[in-house]
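Residue-level structure breakdown
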Amino acid sequence: MADTMKVNIWSDVRCPFCYIGKKKFEMALGRFNDKDKVEVIWRSFQLDPNLETKTGINAVDHIAAIKGISQEQAEEMHNHVTRVAKEVGLEFNFEKAVVANSFNAHRLIQLAKTRGLGNEAEEQLFKAHFTEGKNIDDNEVLIQAGVAIGLDEKDIRAMLASDAFAKEVSEDESQAHAIGVRGVPFFVFNDKYAVSGAQSPDAFLQALQQSWQAFENEGNALPKT
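In this report, the structure presented in the accompanying data block is examined. (Residues numbered from 1 in each chain as written. Predicted model: local features only at pLDDT ≥ 70, side-chain atom pairs only at ≥ 80, totals over all residues. Heavy atoms only, no water.)

**Quick notes on the packing of aromatic side chains**
How we decide: Ring pairs shown here join Phe, Tyr and Trp side chains whose ring centres sit within 6.5 Å, with only the six-membered ring taken for Trp; geometry is labelled stacked below 30 degrees between planes, edge-to-face above 60, and tilted in between. Each helix corresponds to a stretch of at least 4 residues labelled H or I by DSSP, and each strand to a stretch of at least 2 residues labelled E; elements are numbered beginning at the N terminus. Buried, partly exposed and exposed residues are distinguished by accessible area as a fraction of the type maximum, computed with a 1.4 Å probe on protein chains only: under 20%, between the cut-offs, and over 50%, respectively.
Under the criterion given, the structure shown has 13 aromatic pairs. Both rings, one in Tyr19 and one in Phe92, keep their centres 5.9 Å apart while their planes meet at 20°; by these two values the pair is stacked. With Tyr19 in helix H1 (residues 16-31) and Phe92 in the loop between helix H3 (71-87) and strand S4 (98-99), the pair connects residues that are 73 residues apart, well separated along the chain. In terms of burial, Tyr19 and Phe92 fall into one category: buried. The interplanar angle of 55° and the centroid separation of 6.2 Å between the aromatic rings of Phe25 and Phe189 together place this pair among those described as tilted. Pair noted here: Phe25 is in helix H1 and Phe189 is in strand S5 (residues 186-189), with a separation of 164 residues, a long-range link. The residues Phe25 and Phe189 share a single accessibility class, namely buried. An aromatic cluster is defined as three or more aromatic residues linked by ring pairs; in this entry it consists of Tyr19, Phe92, Phe94, Phe126 and Phe130.

**Quick notes on the pattern of salt bridges**
Stated formally: Here, a salt bridge means any Lys or Arg side-chain nitrogen found within 4 Å of an Asp or Glu carboxyl oxygen.
In the structure shown here, the tally under the stated rule is 14 salt bridges. With its nearest N and O atoms 3.8 Å apart, the salt bridge here joins Lys23 to Glu26. One end of the pair is Lys23 and the other is Glu26, both in helix H1 and three residues apart, which spans about a single turn. Here Asp202 ties to Arg31 by a salt bridge, and the two come within 3.0 Å at their closest N and O atoms.

**A short note on the environment of Phe25**
Rules: Here, two residues are considered to be in contact whenever any of their heavy atoms come within 4.5 Å of each other.
Overall, Phe25 belongs to the buried group, its relative accessible area being 3%. Sequence-wise, Phe25 and Asn104 are 79 residues apart; in three dimensions their C-alpha atoms are separated by 25 Å. Dropping the residues within four chain positions of it, Phe25 is found in contact with Val7, Ile9, Val40, Phe187, Phe189, Phe204 and Leu208.

Shown next, in the form of structure tokens:
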């Protein structure tokens with residue numbers, strides 16, 4: 001039996017409900033008795049791989065434009081999400097959120113994962129995008145985010161100057177499509193149980209408990225003769 005139970009999470013750092021889902025999952029994990037035996041693996045998923053980074057407009061203007069809705073409707077949509085985020089202790093500032101392609105941010109997360117810092121990278125980039133209004137497609141912003149969690153600046157610059165970790169991003173997305181993921185966040189517990197969306201902490205805790213029970217049963221099962 002493996003020492004830890006895996007939880008794979010497909011996420012995009014420009015997806016507000018992915019950040020909210022991360023917080024709710026962490027709230028559940030904090031209540032889980034065997035949390036030290038859970039390995040969380042962040043997986044890349046781009047909601048819009050072809051999105052063009054546009055520093056001149058914010059997220060509210062962008063949504064109004066692509067959905068063909070009024071500014072007031074777009075603001076109300078974002079105000080609703082902001083209220084939901086506040087309930088779990090997050091501060092969203094959509095009025096200054098930069099419309100940015102997340103591909104290079106995902107490459108940074110993949111680099112961070114090789115150092116055991118995937119979760120820290122996710123958190124830092126979510127905060128940069130939704131709270132601080134930084135451009136997560138800007139090299140200097142990515143370098144700043146990486147250094148803040150303990151990555152070496154030279155390693156980050158070398159990654160950004162190459163196509164390093166592009167393959168890993170693509171493989172994560174291909175795996176997501178292969179198992180039917182159409183939206184994020186998407187959680188897979190013990191390679192068997194799936195939870196889609198930013199569910200309640202109670203729902204995540206139930207998924208942890210059920211998948212852990214199955215995980216333990218697998219380890220105690222007698223070998224086939």
